[in-house]
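# Inside the fold
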Amino acid sequence: MAAKKPQTKLQTQLDKLQKPLGLRRPLAWLLFLPILLGFLIVPILASEWATPAKVPSANKAVAQTVKGQIVPSVLNTQGNPHTLLALDKSWNPGPLDAVHQAWQGDCQACHTGNFSRVKDESCESCHQHMGLHVAKADLPKTHFTEGRCASCHHDHKGLNSLAEQNRHFSGSDCAACHSHIKDTAPETKTLPVADFAKEHPAFRLTLATRPDQGDLTRVRTEPGHALSEKTSFKFPHDVHLDPKGVDGPNKKVVMVCSDCHTPADTPSGFLSVTMEKNCQSCHTLNFEPALPDRQVPHGPVQAVLSTVDEFYSYLAVHPEERNRINALRGQLRTRPGEKDPQRSMLQNLSGNPRAQATLATRELFEKTACVVCHTVEKVPGTGNTKTSGAYLPQYKIDPMPVQHSWMPMAKFSHKAHAFDKCESCHAATTSKKASDVLMPDINSCRTCHAGAKAETNKVKSDCGLCHGYHLHKPLETAGITGIQEAETSNK
């Protein structure tokens, strides 16, 4: 009689599965029914029973207006559940992000209806100004379909989960569309991009075409081609950043970039440079040589003219003050070897006060003050007859350029780069004109930034490091509309 062939492990398992189940099936049902009852049916019934009238402490997100913006508010901030005895707590897959903790106990604040996924309308009830990925005006020209908010923003992952997702949301997901962007948006000016290290086009900058109206155009940088934008301002960076210093009122002053540029959360990334805060310590607006601390305001032309006219008119009717200033002028005339840019004004004040005011006005606008930094044009006729300076020489000063960001679609933190010198990215020390666009090109950024793949001695940089998905209307925030496109700098 032949020996029985031993079974393999697989055959043994198959034989066991073919045996009668016995009590295993009823036992499975006995365990399943309490689970079904306790974790599904009872919470549903409790949810249906817990109407707002019966559970007034439910956390319902409502809208309120604060400073013109609609923001969420919460009727109860104690974390009370919206069902009886917190019977739906088992449905919670994890803690909400820190910014959503106020709704931790109220599922229906976001989930409208039982077992429904979060709809965009729930997100937009609070996040009303997030903006789309493609502007509505451009959407018909594309094949792009906006995804659900929750497709990228997954809550219930921990207290800091959303912030972490927002920092690293991108990478291959962005490149999946943008590496073949023309397939999705055939008319776009955006060039294909897959990775910052190699497959990224040169930067496009938003430049002013007219300083008075703030008309802007987007221009792509070219290697070896310096960009400039229209401005009426005169400012040579190289003179102010001379390591030997510049002439101040009392001594040589060695300036650095931070003397004028203070990082801030503004469209340009900096606080506005102002005459009073940044310039007037050196560029004084004094008009009477004998009183160097007496200055005209840095403002409208008529305010400057009125200040000058009223000062000399006052001296004409107050002889004691006029004699005191005449004595001070005599002391200035006797000082040997001193530079005197206002020597023509050092004459006796006994003459016509308007003639004195006229002389001071010409010195201010044409020689010592306004013309140094601004484009000044002398205009014929009288000024505003409701002001005291209407009959002095009249001038027009070209307006300053509208403040804007050169790269409004990019995220950049100067604070994160504070360890390095400004000159390592911005060639200010060699710039002779205020119209120079002192922005680094992409190769400059690549000296420190790698792409999505880590490299030695470089920062791993995915798309989300410099770009956001939502538009956030950055150009409207900066007060800029009607931006035109120019693909290259020489168009």
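All values derive from a computational prediction rather than experimental measurement.

## Concerning the nonpolar core
Grouped together as the largest cluster of nonpolar side chains are 22 residues, with contacts concentrated most on Phe-287, Val-296, Val-308, Phe-311, Tyr-312, Leu-364 and Phe-365. Going through the elements one at a time, α10 (301–317) and α12 (353–368) are the ones with two or more residues in this core. Of all the elements, α10 adds the most residues to this core, at 7 residues. The residues touching Val-296, leaving out its near neighbours within four places in the chain, are Leu-285, Phe-287, Val-304, Thr-307, Val-308 and Leu-364. Residues Phe-203, Leu-207, Val-219 and Ile-442 belong to the second largest nonpolar core, which totals 8 residues.

## Observations regarding the environment of Asn-326
Positionally, Asn-326 belongs in helix α11 (residues 319–333). With a relative accessible area of 14%, Asn-326 lands in the buried category. Through-space distance from the C-alpha of Asn-326 to that of Ala-290 is 8.1 Å; in sequence the pair is 36 residues apart.

## Concerning the environment of Asn-457
As for its placement among the helices and strands, Asn-457 is situated in the loop between α14 (442–446) and α15 (474–477). In this structure Asn-457 comes out as exposed when scored by relative accessible area, which is 76%. Taking the C-alpha atoms as reference points, Asn-457 and Thr-447, 10 residues apart in sequence, are found 9.3 Å from one another.

## Some details on unusual backbone geometry
The backbone phi angle of His-156 is positive, close to 65°, even though this residue is not glycine. On the secondary structure map, His-156 appears in the loop between α4 (149–152) and α5 (161–167).

## Re α10
With 17 residues, α10 should cover 24 Å at 1.5 Å per step; its first-to-last C-alpha distance of 25 Å lies within 8% of that length. Among all positions in α10, only Val-301, Val-304, Leu-305, Ser-306, Val-308, Asp-309, Phe-311, Tyr-312 and Leu-315 are buried.

## A short note on the side chain of Asp-97
Here Asp-97 lies in the loop between β2 (69–74) and α3 (120–124). Polar side-chain contacts of Asp-97 include one of 3.1 Å to the backbone nitrogen of Ser-161. If near-sequence neighbours (up to four positions away) are discounted, Asp-97 is found in contact with Asp-155, Gly-158, Leu-159, Asn-160, Ser-161, Leu-162 and Ala-163.

## Regarding the UniProt feature "transmembrane region" (unreviewed entry) in the chain
The sites that carry the UniProt feature "transmembrane region" (unreviewed entry) are, in the present numbering, residues 27–46. Segment residues 27–46 splits into 100% helix and 0% strand. End C-alpha atoms: 28 Å apart.

## Some remarks on the side chain of Asn-286
Tracing the backbone shows Asn-286 in the loop between α9 (275–279) and α10. A polar contact of 2.8 Å, which involves the side chain of Asn-286, links it to the side chain of Thr-284.

## Details of the state of the cysteines
Within the structure shown, the criterion is met by 0 disulfides. Just so you know, Cys-149 is unpaired, no disulfide at all, and the nearest cysteine sulfur is the one on Cys-123, 4.2 Å from it. A relative accessible area of 22% means that Cys-149 is categorised as partly exposed. You can see Cys-177 has no disulfide; the closest cysteine sulfur is in Cys-174, sitting 9.0 Å from it.

## Focus: the packing of aromatic side chains
Counted by the stated rule, this structure contains 6 aromatic pairs. Pairing Phe-233 with Phe-235 gives two aromatic rings, centres 6.1 Å apart and planes at 10°, and the pair type is stacked. Look at Phe-233 and you get partly exposed, because its relative accessible area is 24%. When the ring of Phe-311 is compared with that of Tyr-312, the centres are 4.9 Å apart and the planes differ by 85°; the resulting orientation is edge-to-face. Looking at Tyr-312, the relative accessible area reads 2%, which means it is buried. Site record: aromatic cluster; members linked through ring pairs are Phe-287, Phe-311 and Tyr-312. Its end group placed over the ring of Phe-196, Arg-446 keeps NZ or CZ at 5.6 Å from the ring centre.

Each value, and the rule that gives it
Residues numbered from 1 in each chain as written. Predicted model: local features only at pLDDT ≥ 70, side-chain atom pairs only at ≥ 80, totals over all residues. Heavy atoms only, no water. Core = buried A, V, L, I, M, F, W, Y, C linked by side-chain atoms within 4.5 Å. Buried < 20%, exposed > 50% of the residue type's maximum accessible area, 1.4 Å probe, protein only. Helix = DSSP H or I, 4+ residues; strand = E, 2+ residues; numbered from the N terminus. Contact = heavy atoms within 4.5 Å. Expected span 1.5 Å × (residues − 1). Polar contact = N/O pair within 3.5 Å; in protein donor to acceptor, adjacent residues only side chain to side chain. UniProt positions renumbered as here; feature names shortened; annotations may be inferred. Disulfide = S-S within 2.5 Å. Phe/Tyr/Trp six-rings, centres within 6.5 Å; stacked < 30°, edge-to-face > 60°. Lys NZ or Arg CZ within 6 Å of the ring centre and 35° of its normal.

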